[in-house]
Amino acid sequence: MAETLEFNDIYQEVKGSMNDGRLRLSRQGIIFKNSKTGKVDNIQAGELTEGIWRRVALGHGLKLLTKNGHVYKYDGFRESEFEKLSDFFKTHYRLELMEKDLCVKGWNWGTVKFGGQLLSFDIGDQPVFEIPLSNVSQCTTGKNEVTLEFHQNDDAEVSLMEVRFYVPPTQEDGVDPVEAFAQNVLSKADVIQATGDAICIFRELQCLTPRGRYDIRIYPTFLHLHGKTFDYKIPYTTVLRLFLLPHKDQRQMFFVISLDPPIKQGQTRYHFLILLFSKDEDISLTLNMNEEEVEKRFEGRLTKNMSGSLYEMVSRVMKALVNRKITVPGNFQGHSGAQCITCSYKASSGLLYPLERGFIYVHKPPVHIRFDEISFVNFARGTTTTRSFDFEIETKQGTQYTFSSIEREEYGKLFDFVNAKKLNIKNRGLKEGMNPSYDEYADSDEDQHDAYLERMKEEGKIREENANDSSDDSGEETDESFNPGEEEEDVAEEFDSNASASSSSNEGDSDRDEKKRKQLKRAKMAKDRKSRKKPMEMKKGKDPNAPKRPMSAYMLWLNASREKIKSDHPGISITDLSKKAGEIWKGMSKEKKEEWDRKAEDARREYEKAMKEYEGGRGESSKRDKSKKKKKVKVKMEKKSTPSRGSSSKSSSRQLSESFKSKEFVSSDESSSGENKSKKKRRRSEDSEEEELASTPPSSEDSASGSDE
């Protein structure tokens, strides 16, 4: 029998991660050497109590248990090596190497067994999984439930952080099974135990996150947060930063503790512990230590007896125990004189504090952004009103934070602060005031073209130019209503043949030139107004039967690909979908785009063909309508142009006045009233003619006809 056995490419499981190395078995014991770190694990032969051979993910594995409760796992063996190992264990270690496979049924109901430092979850006689209790960092109990939390493993990319066990409510010998389970875990787990007396206790402090009132007990190595339903033990090593921030009302103070890793409450993670204090609340504090211990431990930072504001005492004690500086707001002052800005983040309103090295937002959810992780900041237009603006921050990792509903009066102060800190501002515009520049609150999305905004800019420029011109011409002039008829008459007078004779002096010429210039400007302004009104009129009179315009190649592709993009990105919003589609189209190859260009060209040809047919049919129908209208107007004019003999001069003058009326004034009411009047006059003229004929003898016919002529 060989004195030693050696195996290469064996993996040792340590805290969930697999370490590659070399395993050597000898009479004296088992030695494993890590190939990466060179670390050596030595297990004496006399300490071994049990050896188990089982099938694992990486072939077969060996599990060893020692007298002091430690468990060692080695994977990567071949199935043919079992006999060799079994004989070696019998000969040199006097142990039977047992075969015990893991249960792979997938059940979640079984029995928990505690053996040494190991918790084993079994179904029948087969284990499902095992948990080394030395990895447990926290054990909490609830109604019929026990939750185990684990230390974070920095070496592994993904690590297990929490497991929950449901314990059925059975009472045996008056022992609560949930408490018995928790005690078994705590006896072996690496859990912070509150041994000894607390240095000091702060009662009923108001906590915003996690919400509620908690007693804070200060221990030498950890902080105990005790509430009505939850308990948290926070080691001082997990505290990253401390913040002391004044509230905007100047009557309250925030004390913020940044934690990594965060404390957990169910599925919720709290990276910040936020306490709210009133400035008027005072306290007298006595530390549970003698003066010599206080002096030796804290070196003058704390004394045995202290008094002052509650927030000062808490922050002073925390600073001394955690041994970290407290961050306070710098020189920034907002429009109201406060050191913070009121804004909204996501759905909640809160306060944004510009600090010397970053921004912090309190309180729901708390956000801390350092300057060194900011890629750029952006000042954007308010989405609902012009009285506010949005402040956007994008980090180098691509995360975007939008703080909205900031009062416009804060813009100047915030811009100066950001500029002084030399942060990259995405859209630099005019800082002085909010009104002069249209680009001041441009959209944060540079790729999107805002046609409405461009049109408003152009109209604004035209209005400013016209206003400047009119102010130069006459300071007393105001906006006047535009009357085309009057202006046409004025222009005609300017070019009348008698106009030059009326003015012989140079002063008259200059006045006339001034008048002409003003009238031309008025006509130009009227044209601009008409041109702006034309699109609206066209929209109102749009024919629903007209062919629809063809879509571009991009829009054809988007309609065909929209559902696919939605399925690839479930829950995507409309704006994000359009952005994503633009990115895909931009990165598409030329060959694929040409296919959609061809489809767009075919659609354009079909549209032109349909448009020709539509215009041909519409032209014929419009000609028929026009001919009908002309006939109606001619009939009406003929009726109006048949005057009575006695009133030829009146009718001619009336015809002249009526002939100057345009088609709009020829309405059905007027025509009907005109016809009634002409009928009455025709009757009167007929009556008078009958009387004349009756009174005239037949021989005087020629004279009558001569008088008629």
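Remember, it's a predicted structure, so these values are computed and weren't measured experimentally. (Residues numbered from 1 in each chain as written. Predicted model: local features only at pLDDT ≥ 70, side-chain atom pairs only at ≥ 80, totals over all residues. Heavy atoms only, no water.)

J.: Is there a simple way to think about the overall build of the protein chain in this case?
T.: On a plain count of helices and strands, the protein chain comes out with 15 helices and 31 strands. Put simply, the protein chain has 709 residues, and 33% of those count as buried. The contacts in the protein chain between residues at least 6 apart in sequence include a share of 46% that link residues at least 24 apart. Here the protein chain has roughly 46500 Å² of accessible surface; of this, 47% comes from carbon and sulfur atoms. (Helix = DSSP H or I, 4+ residues; strand = E, 2+ residues; numbered from the N terminus. Buried < 20%, exposed > 50% of the residue type's maximum accessible area, 1.4 Å probe, protein only. Contact = heavy atoms within 4.5 Å. Areas by Shrake-Rupley, 256 points an atom, 1.4 Å probe, with all protein chains shown as cover.)

J.: Mind showing me how you'd approach the sheet that holds strand β19 (residues 239-246) here?
T.: Within a beta sheet, neighbouring strands are joined by backbone hydrogen bonds and run either parallel or antiparallel to one another. Taken together, eight strands build an open sheet; the order of strands is β18-β17-β16-β15-β21-β20-β19-β24 and the sheet is mixed. Since the sheet does not close on itself, it has two edges, and those belong to β18 (231-235) and β24 (326-327), each with one partner. In this sheet, strand β16 (residues 212-218) lies alongside strand β15 (residues 200-209) in antiparallel orientation, the contact comprising six bridges. Among the inter-strand pairings, Gln-206 is bridged to a residue of β16, identified as Arg-213. Strands in contact with helix α4 (residues 310-322) are β15, β16, β17 (222-226), β19, β20 (252-265), β21 (268-278) and β24; relative to β15, the strand with the most contacts, it is inclined by about 100°. (Pairing = 2+ DSSP bridges. Axes fitted to C-alpha atoms, helices over the stretch in contact; angles between N-to-C directions.)

J.: Honestly, unusual backbone geometry in this entry has me stumped. Any pointers?
T.: A negative phi holds for most residues other than glycine; trans holds for most peptide bonds. Look at the link from Thr-209 to Pro-210: it is a cis peptide, with omega at -10°. With respect to the helices, strands and loops of the structure, Pro-210 is situated in the loop between β15 and β16. Residue Pro-261 is reached from Asp-260 by a cis peptide bond, and omega for that bond is 0°. One can find Pro-261 in strand β20. Look at Gln-250: it is not a glycine, yet its phi comes out positive at around 60°. For Gln-250, the position within the fold is in the loop between β19 and β20. Despite not being glycine, Glu-299 shows a phi value in the positive range, around 55°.

J.: Looking at this model, I keep getting lost on the pairing of strand β5 (residues 48-56). Mind explaining?
T.: In the case of a regular strand, side chains alternate between the two sheet surfaces. Note: β5 against strand β6 (residues 59-66), eight bridges, orientation antiparallel. The partner of Trp-53 across the bridge, within β6, is Leu-62. Relative to strand β8 (residues 97-99), β5 is paired through three bridges, and the arrangement is parallel. When the sheet's bridge partners are listed, Trp-53 is paired in β8 with Glu-99.

J.: Looking at this structure, how should I read a positive patch on the surface?
T.: Side chains of Arg-301, Lys-319, Lys-325 and Arg-357 sit close together on the surface and give a patch of like positive charge. On the secondary structure map, Lys-319 appears in helix α4. Taking the relative accessible area as the measure of exposure, Lys-319 reaches 43% and is therefore partly exposed. (Patch = residues over 30% accessible without salt bridge, like charges linked within 9 Å, V, L, I, M, F, W, Y side chains within 5 Å. Salt bridge = Lys/Arg side-chain N within 4 Å of Asp/Glu carboxyl O. Lys, Arg positive; Asp, Glu negative; His and termini not counted. Charge placed at Lys NZ, Arg CZ, Asp CG, Glu CD.)

J.: I tried to follow the confidence of the model for the protein chain on my own but got confused; where do I start?
T.: As a note on interpretation, predicted positions should not be read in detail where pLDDT is low. Chain-level pLDDT for the protein chain is 75 on average; 68% of the residues reach the 70-or-more range. Note that residues 639-673 has pLDDT below 50 and, in this model, 16 contacts with residues that lie over four places away or in other chains. (pLDDT = per-residue confidence, 0-100.)

J.: Would you explain the pairing of β20 in this entry?
T.: Counting buried residues along β20, ten of its 14 residues qualify, which places the element largely inside the surrounding structure. Two strands pair when backbone bridges link them, and β19 and β20 are joined in this way by seven bridges, in the antiparallel orientation. Bridge assignment links Val-239 to a residue of β20, and that residue is Leu-259. If you look at the hairpin formed by β19 and β20, you'll find five residues sitting between the two strands, and Gln-250 has a positive phi there, around 60°.

J.: Explain the sheet that holds strand β31 (residues 400-407) to me, please; I cannot follow it from the model alone.
T.: Across the sheet, seven strands lie side by side as β28-β27-β26-β25-β31-β30-β29; this open sheet has antiparallel pairing. The sheet is open, and its two edges are formed by β28 (367-370) and β29 (374-381), each paired on a single side. Across the sheet, the mean angle separating the axes of adjacent strands is 30° when strand polarity is ignored. Looking at chain direction, strand β30 (residues 388-395) and β31 are connected through six bridges and run antiparallel. Bridging from a neighbouring strand, Ser-388 pairs with Glu-407 of β31.

J.: Honestly, the state of the cysteines in this entry has me stumped. Any pointers?
T.: As used in these notes, a disulfide is a covalent bond between sulfur atoms, one from each of two cysteines. Enumeration over the complete set of coordinates arrives at zero disulfides. Free of any disulfide, Cys-343 has its nearest cysteine sulfur in Cys-340, 9.1 Å distant. We classify Cys-343 as buried; its relative accessible area is 1%. (Disulfide = S-S within 2.5 Å.)

J.: Explanation requested: the side chain of His-224 in the structure shown.
T.: Summarising the element assignment, His-224 is placed in strand β17. A residue is classified by how much of its surface remains accessible, and His-224, at 7% relative accessible area, is buried. Not counting chain neighbours up to four residues away, the residues in contact with His-224 comprise Asp-215, Ile-216, Arg-217, Tyr-219, Asp-231, Tyr-232 and Lys-233.

J.: Which parts of the structure should I look at to understand the nonpolar core?
T.: The tendency in soluble globular proteins is for nonpolar side chains to be buried as a group. Phe-202, Ile-218, Phe-255, Val-314, Val-317 and Met-318 are the most contacted members of the largest nonpolar core, which has 41 residues in total. If one sorts the elements of this core by residue count, α4 sits on top with nine residues. Dropping the residues within four chain positions of it, Val-314 is found in contact with Phe-202, Leu-205, Phe-255, Leu-275 and Phe-277. Ranked by size, the runner-up nonpolar core spans 26 residues in total, among them Ile-341, Tyr-345, Leu-352 and Tyr-411. (Core = buried A, V, L, I, M, F, W, Y, C linked by side-chain atoms within 4.5 Å.)

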